[in-house]
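# Residue-level structure breakdown
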Amino acid sequence: MPQETPAAAAPREGEPDEGAPSQGSAGESIPPEALSTYLVRTYKVRPAKLWKGLLDSLKAEGHPPEEIDEQKRTVKTSFVDFKQDDYQLQVADPPRVIGGDYHIVQMIKVRQGKVSLEGVVTPTKEGAELKMRARILVMGLDRVKQVRVLVDRRSTGVIESDFIHKLEARHGLEHL
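The residue numbering used here restarts from 1 in each chain and proceeds along that chain's sequence as written. Local features in this predicted model are restricted to residues of pLDDT 70 or higher, and side-chain atom pairs are both shown and tallied only at a pLDDT of 80 or more, whereas totals for entire chains, interfaces and linings draw on every residue. In computing side-chain values, all of the structure's heavy atoms are included and hydrogens and water are not.

### Describing the overall build of the protein chain
Scanning the protein chain from N- to C-terminus turns up two helices and nine strands. Secondary structure elements follow DSSP: runs of H or I no shorter than four residues count as helices, runs of E no shorter than two count as strands, and numbering proceeds from the N terminus. Helices (α) and strands (β) of the protein chain occur, in sequence order from the N terminus, as β-β-α-β-β-β-β-β-β-β-α. The buried share of the protein chain, taken over its 176 residues, is 44%. Summarising the internal contacts of the protein chain: among those between residues at least 6 apart in sequence, 69% fall at separations of at least 24. Entry remark: accessible area of the protein chain is about 9,900 Å², with carbon and sulfur atoms responsible for 50%. Only protein chains enter the calculation, and the probe is 1.4 Å; a residue is then buried if its accessible area is under 20% of its type maximum, exposed if over 50%, and partly exposed in between. Residue contacts are defined here by distance: any two heavy atoms, one from each residue, within 4.5 Å place the two residues in contact. Accessible surface is estimated by sampling points in the Shrake-Rupley manner with a 1.4 Å probe; for residues, cover comes only from the protein chains shown.

### Topic: the pattern of salt bridges
Side chains carrying opposite charge are able to pair once their charged atoms draw close together. Any carboxyl oxygen of Asp or Glu within 4 Å of a side-chain nitrogen of Lys or Arg constitutes a salt bridge here. The final tally for this structure, using the stated rule, is 10 salt bridges. With a shortest N-O distance of 3.5 Å, E61 and K166 are connected by a salt bridge. Highlighted residues: E61 in the loop between α1 (47-60) and β3 (65-69) and K166 in helix α2 (residues 158-171), separated in sequence by 105 residues. Given the relative accessible area of 27%, E61 is considered partly exposed.

### Some points on the nonpolar core
For our purposes a nonpolar core is just a set of buried Ala, Val, Leu, Ile, Met, Phe, Trp, Tyr and Cys residues, chained together by side-chain atoms within 4.5 Å. One finds L50, L54, F82, V91, L130, I136 and I159 to be the most contacted residues of the largest nonpolar core, which totals 29 residues. Among the elements of the structure, α1, β5 (80-83), β7 (112-123), β8 (128-142) and α2 are those that each provide at least two residues to this core. Once residues lying within four places of it in the same chain are set aside, the contact partners of L50 are Y43, V45, V121, A128, E129, L130, L167 and L173. Formed by five residues, the second largest nonpolar core is a distinct cluster that contains Y102, I104, V149 and V151.

### With respect to the environment of D56
Examined against the element boundaries, D56 turns out to sit in helix α1. Taking the relative accessible area as the measure of exposure, D56 reaches 32% and is therefore partly exposed.

### Focus: the environment of R133
Note that R133 resides in strand β8. Judged by relative accessible area, R133 falls into the buried class, the value being 16%. Each C-alpha atom of the pair R133 and T37 lies 6.3 Å from the other, and the pair is 96 residues apart in sequence. Those residues in contact with R133 that lie beyond four places of it in its chain are L35, S36, T37, Y38, S116, L117, E118 and E160. Among the polar contacts listed, one links the side chain of R133 to the backbone oxygen of S36, at a separation of 3.4 Å. In protein, a polar contact requires one atom able to donate a hydrogen and another able to accept it; more generally it is a pair of N or O atoms within 3.5 Å, and residues adjacent in sequence count only if both atoms are side-chain atoms.

### So, the confidence of the model for the protein chain
pLDDT measures the predictor's confidence residue by residue and takes values from 0 up to 100. Per-residue confidence for the protein chain gives a mean pLDDT of 86, with 84% of residues at or over 70. No element of the protein chain has a lower mean pLDDT than strand β1 (residues 3-4), at 42, and none a higher one than strand β4 (residues 74-77), at 98. Confidence drops under a pLDDT of 50 for residues 1-27, and excluding neighbours within four residues, the segment shows 56 contacts in the predicted structure.

### A few points about α1
With 14 residues, α1 ought to run about 20 Å at 1.5 Å a step, and its terminal C-alpha atoms sit 20 Å apart, in line with that. Along α1, the residues classified as buried are P47, L50, W51, G53, L54, L55, S57 and L58. Its buried side turned inward, α1 meets β2 (39-43), β3, β4, β7, β8 and α2. Two residues or fewer past α1, G62 is found with a positive phi of approximately 85°. For a helix, the expected span equals 1.5 Å multiplied by the number of residues minus one.

### Section: unusual backbone geometry
Here R73, not a glycine, exhibits a phi torsion of approximately 55°, which is positive. Tracing the chain through its elements places R73 in the loop between β3 and β4. With a relative accessible area of 23%, R73 lands in the partly exposed category. Phi angles above zero are rare outside glycine, and Q146 is one such case at about 55°. Mapping Q146 onto the fold places it in the loop between β8 and β9 (147-153).

And the structure:
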């Protein structure tokens, strides 16, 4: 039976073995094919008000901020558990195909995992722009080392969209 190992102890392809960040660290490098695109919304509010609303909503929805840059108005949250059953549509794209130098087996459909949200607020002519994206980690099996690892999966935008709808409802925002 394979033993369970955090991603830091069993580095993924292309990551150095030594000095790997701990499990759930938002600073880990993300493979380009697993990097999600931003969902972008523009609001007719001041950037400072949208920024404050974003931070409040993240905390209220159970996504505690881990890295906050007040100058650039960027935030990354800690990883929290999620279940696919909480969403009507699939939250992650299908996994990478096994072959060549890639040897991590994953379920095609995600049932549960960990998610971290990243938000950026920037000023625009109309008001403020919000960019959100999710980083999703799911359990996989490294066939070579015979250990379980957390693997990045590209988000479909379902989790980000759900959070944005809650943010808009909480603060009475309507995007342009």
